[in-house]
Amino acid sequence: MMPDSKHIVVAANPFGFGPVGNAIPILGELVLRFSHRTDVCVHFVGSEKCQGIIPDFGRVKRTYLDERDENKLVKFLQGLSGTIIVIGVQNRFIINAGIFDGCKTMFVDVLAWMWRNIPDSHLVADDIFWMQFPGISEKLEFYPDVSERIHIVSGIYDTGNRKSRTVSEDILFCLGGGFNPLRDGTQSNYLSLAFAVLGMSKLSEANVSITSGNDAADFLRKLPNRPVAWNISTFSHDEMIDKLSVARYLLSVGGQSSTMEAILSNVPVIFFIPSNLSQALLQKKFASEIGMDDILWWKKFLTPLLVNIEYSSEKDFMECLEKISGEILSNPEILINLTSSFDMMLNRLLVDENYLADLQSIGKQIGSSGASQMTDVIETFLYPVVSFGVGYDE
């Protein structure tokens, strides 16, 4: 690196694959934009859970460490010299470490649309990025003290730059990473319920690719009576995009990245029982936006999950989900009725052109160029235009 070297350090939060999925297009855009710059080094720091699905960008320097340990993050940053920008994709720990070390800080709050009140820790960075979900501009009015530091950008998603796709009969079921910092182990009751509903449904004989994190995938493989045509895997992000490009449709629990990547790639999306709070709220928001509450086909069987959901916490939601899932599994009649509701919804929505068009409309509103817009801000900071008067900008 040159004496005036510049370091851009990206860290995500290991809450499933979601925040890492948003970090991937940011890393890709940074590599593309600064490929001709010998003074810029792009870093991605994080544990195996975050590193596991990151593509090989070539010019991204990876460092394996606990992305939630501020002391380790500070030590890493102090080992760099020159100008340092830290980017936390739903990761407040790298922001705190960056502030401590005097770095330029940028926080990407991919759930800004979800929060009833934005957490204070999400508003301390030098620059804050929110994606332009429906209603986000109105939310900005409640934060006048920091509004000048908030950038509303398009969606930060990777669609593989495909303008067309070849459709197969394969169905992609994205269960998300299946891990998060708020609980240990797998959601065994939830995963068993998802497996049971799918296995009793019309999809029992379909070609279904189920993707999740390693632990969840291992758990599912050990469950009995798995249909021969089902494939259970942990895909890298590139593999996920490739599978998505040929899928007949995506069966989504409501994970933001996979859902938006599908919509933006013109892949139909059918929602399944959510595994956490943010997924449930995404489904609820989409149902509200398109005026079709029926997409929440599971809600009458899991009613306690939706009671005061806006005031719930992720941990409480998942504990409640595990309890209810266990109760349904022990009641064959409810399980049959839940599966029947899924089949009826599937039959109807897959031929409902208005539903599919409404999802596409949301996708167009949110967009996918947010990583490029973020990089504009970064580039302006690193290489500001010096003004010498009218007509003399260099």
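Scroll up for the structure.
Residues numbered from 1 in each chain as written. Predicted model: local features only at pLDDT ≥ 70, side-chain atom pairs only at ≥ 80, totals over all residues. Heavy atoms only, no water.

With that settled, consider the pairing of strand β6 (residues 127-131). For β6, the tally of buried residues reaches five of five residues, placing the bulk of the element in the interior. With burial as the criterion, each face of β6 is covered, one bearing Asp127, Phe129 and Met131 and the other bearing Ile128 and Trp130. Pairing of strand β5 (residues 104-108) with β6, which is carried by three bridges, proceeds in the parallel orientation. Each residue of the ladder has a partner; that of methionine 106, found in β6, is aspartate 127. Bridging between β6 and strand β7 (residues 150-153) involves four bridges; their strand directions are parallel. Looking at the pairing, phenylalanine 129 lines up with histidine 151 of β7. (Buried < 20%, exposed > 50% of the residue type's maximum accessible area, 1.4 Å probe, protein only. Helix = DSSP H or I, 4+ residues; strand = E, 2+ residues; numbered from the N terminus. Pairing = 2+ DSSP bridges.)

Below, the discussion takes up the sheet that holds strand β11 (residues 249-252). Reading across from one edge, β10-β9-β8-β11-β12 is the order of the five strands in this open sheet, with parallel pairing throughout. Of all the strands in the sheet, just β10 (230-233) and β12 (269-271) have a single pairing partner and so form its edges. When the angles between neighbouring strand axes are averaged without regard to direction, this sheet yields 20 degrees. Of the strand pairs in this sheet, β11 and β12 are connected by three bridges, and their pairing is parallel. Pairing of leucine 251 across the sheet is with isoleucine 270, part of β12. Across the sheet, helix α8 (residues 237-246) is in contact with β8 (171-174), β9 (208-211) and β11; its angle to β8 comes to roughly 140 degrees. (Axes fitted to C-alpha atoms, helices over the stretch in contact; angles between N-to-C directions. Contact = heavy atoms within 4.5 Å.)

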